[in-house]
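Reading the structure
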Amino acid sequence: MSTEIPVYLLHQGEEKCLAVVSGSTPTDAVIGLASPSNNKEQQWFDSEGQWRWSADPSYCLAPVAGTPQVGLAESSSSSTLWTKDDEDRMVIGSKALTLPRGKDKSRLIMRPIHNGINQKWWTDIELKSTLMDVKTASYPLVSDDVTTYKHEIARGFVNRMASLTEPLPFPRDVARFPGSVNPETPRIDKTLTLDLSALGQAGTLRMTTPRDWQATDLYAAAGDVFQIVLPDTLSPQRAAQITVRVGAHCDKLRPGVGTVKKKGFRRMPIVSETFGISPGINSLRSQYGGNLIFCYQKGELFTVEATVSNVVKAPFFKRGETSVDEWEVSKHLDAPHAILEGDRVVIVSRNKKNARIPFPEELLSRYEEVIDHLNFLAGFSDDDPPPRGKYWLVNDLQISHGSAHAGFPAMFTQAIRNLAVIDTPYHWGVWHELGHNYQQAQYWSRTFGSESTVNLFSLYIQEKLFKRDRLKNSNNYLNTAKAVDQGLTFNDGNCWQKLVFLMEIKHAFPEQGWEMFRRLNRTTRALPEEEAQHLSSDRELQIDYVYKNLSRTVDQDLILTFQRWGLSVSQEAQEEIQSLGLVKAPADLSVRE
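The sections below set out a description of the structure shown in this document. Please read all numbers here as calculations on a predicted model, not as lab measurements.

1. Overview of the overall build of the protein
Per the secondary structure count, the protein includes 18 helices and 26 strands. Over its C-alpha atoms the protein spans a radius of gyration of 27 Å, differing by no more than 12% from the 25 Å that the globule rule assigns to 593 residues. Evaluated residue by residue, the protein yields a buried proportion of 54% over its 593 residues. Taking the contacts inside the protein whose residues are at least 6 apart along the sequence as the reference set, 69% of them involve residues at least 24 apart. Taken as two groups, the 66 positive and 72 negative side-chain charges of the protein have centres that lie 4 Å from each other.

2. A short note on the nonpolar core
Core analysis: the biggest nonpolar cluster contains 88 residues, and W392, L393, F448, L558 and F562 have the highest contact counts within it. Those residues in contact with W392, other than ones at most four positions away along the chain, are W213, A215, A248, I293, I339, V346, V348, F408, P409 and A410.

3. Let's talk about the layout of surface pockets
In this model, the second largest pocket occupies a volume close to 610 Å³. Lining the second largest pocket are 29 residues; nearest its centre among them are Q214, A215, K318, E341 and K390. If you list the elements that add at least two residues to the lining of the second largest pocket, you get β13 (188–196), β14 (212–220), β21 (316–318) and α5 (324–330). At six residues, the largest contribution of residues to the lining of the second largest pocket is made by β14. Considered class by class, the residues forming the lining of the second largest pocket number ten nonpolar, seven polar and twelve charged.

4. Observations concerning the sheet that holds strand β8 (residues 83–84)
Read from one edge of the open sheet, four strands run β8-β9-β10-β11, paired in antiparallel fashion. The open sheet has two free edges, formed respectively by β8 and β11 (109–112), since each of these has just one partner strand. As paired strands, strand β10 (residues 95–98) and β11 are joined by four bridges and run antiparallel to one another. Across the sheet, A96 pairs through a bridge with R111, a residue of β11.

5. What about unusual backbone geometry?
In this structure, P140 follows Y139 across a cis peptide bond, with omega equal to 5°. With respect to the helices, strands and loops of the structure, P140 is situated in the loop between α1 (124–130) and α2 (146–161). Residues other than glycine seldom take positive phi values, yet D133 does so here, at roughly 60°. Residue placement: D133 occurs in the loop between α1 and α2. Positive phi, close to 65°, is recorded for N310, a residue that is not glycine.

6. Notes on the packing of helix α12 (residues 476–485) against helix α13 (residues 495–508)
Packing of α12 against α13 leaves a shortest axis separation of 10 Å and a crossing angle of 100°. Between α12 and α13, the angle falls in the class roughly perpendicular. Here α12 contributes N476, Y477, T480 and A483 to the contact with α13, which in turn contributes W496, Q497, V500, M503 and H507. In terms of residue class, the contact of α12 with α13 is built from five nonpolar, four polar and no charged.

7. Structural notes on the packing of helix α16 (residues 539–554) against helix α18 (residues 571–578)
Where α16 meets α18, the closest approach of the two axes is 10 Å, and the angle between their N-to-C directions is 10°. The pairing of α16 with α18 is recorded here as roughly parallel in orientation. Considering only the axes of α16 and α18, their crossing is right-handed. Contacts from D544, Y547, K548, S551 and R552 of α16 reach α18 at A573, Q574, E576 and I577.

8. Some remarks on the sheet that holds strand β25 (residues 404–405)
Taken in spatial order, the six strands make up an open sheet running β21-β22-β23-β24-β26-β25, and their pairing is mixed. Of all strands in the sheet, those with a lone pairing partner are β21 and β25, marking the two edges. Across two bridges, the pairing between β25 and strand β26 (residues 410–413) is antiparallel. Counted as the bridge partner of H405 is M411 from β26. Here helix α7 (residues 361–377) sits on the sheet and contacts β21, β22 (337–341), β23 (345–350) and β24 (391–396); the angle it forms with β23, its principal contact strand, is near 130°. Contacts from helix α8 (residues 428–438) reach β24, β25 and β26, with the element oriented near 130° to β24.

9. Re the pattern of salt bridges
What the rule picks out here adds up to 35 salt bridges. In this structure, K331 engages E328 in a salt bridge whose closest nitrogen and oxygen atoms are separated by 3.2 Å. Look at K331 and you get buried, because its relative accessible area is 8%. Salt-bridge contacts for R592 lead to D588; the nearest nitrogen and oxygen are separated by 3.0 Å.

10. Quick word on empty space enclosed by the protein
Remark: the empty space left among the atoms is shown by a probe the size of a water molecule rolled over them. Going through the model one piece at a time under the given rule, you end up with five cavities of 30 Å³ or more. Here the largest cavity is characterised by a volume of approximately 140 Å³. Lining the largest cavity are 15 residues, with E15, G156, F157, I270 and Y288 positioned closest to its centre. Per-element accounting of the lining of the largest cavity gives the leading share, five residues, to α2. Broken down by class, the residue content of the lining of the largest cavity amounts to seven nonpolar, three polar and five charged.

11. Some details on the packing of aromatic side chains
Summed over the entire model, instances satisfying the criterion amount to 21 aromatic pairs. Plain terms: the ring middles of W428 and W496 are 6.2 Å apart, the flat faces sit at 45° to each other, and that makes the pair tilted. Here W428, found in helix α8, pairs with W496, found in helix α13; they are 68 residues apart in sequence, far enough to count as distant. The exposure class assigned to W428 is buried, which follows from its relative accessible area of 13%.

12. A look at the environment of K40
For K40, the location among the structural elements is in the loop between β3 (30–34) and β4 (44–47). C-alpha separation for the pair K40 and Y367, spaced 327 residues apart in sequence, amounts to 46 Å. Beyond its immediate stretch of four places on either side in the chain, K40 contacts W53, S54 and A55.

Calculation criteria
- Residues numbered from 1 in each chain as written.
- Predicted model: local features only at pLDDT ≥ 70, side-chain atom pairs only at ≥ 80, totals over all residues.
- Heavy atoms only, no water.
- Helix = DSSP H or I, 4+ residues; strand = E, 2+ residues; numbered from the N terminus.
- Rg over C-alpha atoms; globule rule 2.2 N^0.38 Å.
- Buried < 20%, exposed > 50% of the residue type's maximum accessible area, 1.4 Å probe, protein only.
- Contact = heavy atoms within 4.5 Å.
- Lys, Arg positive; Asp, Glu negative; His and termini not counted.
- Charge placed at Lys NZ, Arg CZ, Asp CG, Glu CD.
- Core = buried A, V, L, I, M, F, W, Y, C linked by side-chain atoms within 4.5 Å.
- 1 Å grid on protein atoms, 1.4 Å probe; cavity = no way out; pocket = protein on both sides within 12 Å on 5 of 7 lines; lining within 4 Å.
- Points joined across faces, edges and corners; volume = space filled by probe spheres on them.
- Nonpolar A, V, L, I, M, F, W, Y, C, P; charged D, E, K, R; others polar.
- Pairing = 2+ DSSP bridges.
- Axes fitted to C-alpha atoms, helices over the stretch in contact; angles between N-to-C directions.
- Parallel < 35°, antiparallel > 145°, perpendicular 65-115°, else oblique.
- Left-handed = near helix turned anticlockwise from the far one by under 90°.
- Salt bridge = Lys/Arg side-chain N within 4 Å of Asp/Glu carboxyl O.
- Phe/Tyr/Trp six-rings, centres within 6.5 Å; stacked < 30°, edge-to-face > 60°.

Here it is in structure tokens:
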């Protein structure tokens, strides 16, 4: 395919397109992904397999010699020819244009060909052609309806690239989800202070930390063009630190994956959008609508005023600021979703659910109590402060995996766990998902069971709130002890049995108790970066590490109980603990009551 009109290359796994995200020459260009807009930096000409950059056709897309990265090359001298194969990959020889799978997705790279979605691309021309005479999707959809899924993604891309002076080419039926706003609801203007005076974390916390999101009491209705005005005097560099998010519902649904595999599509695959903004007037349009959220990237520290126009007021409660009378008015506003904000947590839930809450003060107080307990067991203190920022917990009609999952934001299926109900903060599922965010996964938690070590947090909170122990109530201690007697090893245990291993040590040394895990978390957090990376590279190192750490905390050598559970500790680690002159703890530390 060769084109004389500019083409967008759209990544199938993200709602973003191939772009020169910084620089403009072969020496400084960075090739990455950007949200679609009418921008030449995102457009390309296919000249018989040479993809020339619309902003400067004298340059073309090409691999960077000696690196896995892609960049720009001189079109007149480049021999690079791309093939878009039948599987939608952009291929040169045995390698394909790839979005990295790790956290760093800032630059596209070349990798050996495989069938993953991170190597698959559409062009906007292909997507538009698929929409000819296609009916609007009606939900729910079956799990394997790949054709309709592709049509829905295509509509999203085409809508994003459409002129704001014209109606949306494909208006979205948002009544099912995320929800519609009555056309008669008054649109308002409001000036906000965007607070970028503190960004990021104080150090490497080696856990999932909150991002810098600022909640508002505003909602952008689906299809409305709204404006955000930043001062003309704000530098482009500072403006680039600000992203506008419409909707907190970040999960993307894909055919045959996660909850879709079992339940089909209960809502559109994507229901939220993000937009970059610049100094001056920014006109934006969300095809889905959603709560207006400002998201910040690290950089300079500052505050700035922004004026938002043509949006609606949304139900909003801020602990310590919103009065009873204000909430009684706010909770009846028309916007589909409400935001409840505390000191360390933000809740997003369906608006109609909030009418049941007389006043959210106690609800948020309970969430904060849970986070306090998480921070304690993680070993944080005044000298080693917990994560800065607020965790977001979001109700969605359908999430990508399970009935709830951790991360930022943490997502919960609204039909199973309504976050706005007063008892929800005291539920195991909330402790469990937030606990995942506190795990030191690659340093030791994963080796001792991701679904086991996370429940150290759940058990601790359950003990503090209700003086109960789920393992004891379900007879896990006794049953696991008998299984180990009969030869069960740690590696063969299920998640509850692996948790018993750790809790047996905790119960055997009540004077140290939970402190052994607090110290383990603190010690891991304090590791020098090189040492931490070395630890994360080897499972056996992590077994040694936990053995030595716990032995020092309880002031006894735990080698016999590690061996009883079939956990292999190196001779070097054993000798290090033996050199301390510690008495050996009994092999059997089981709880059999």
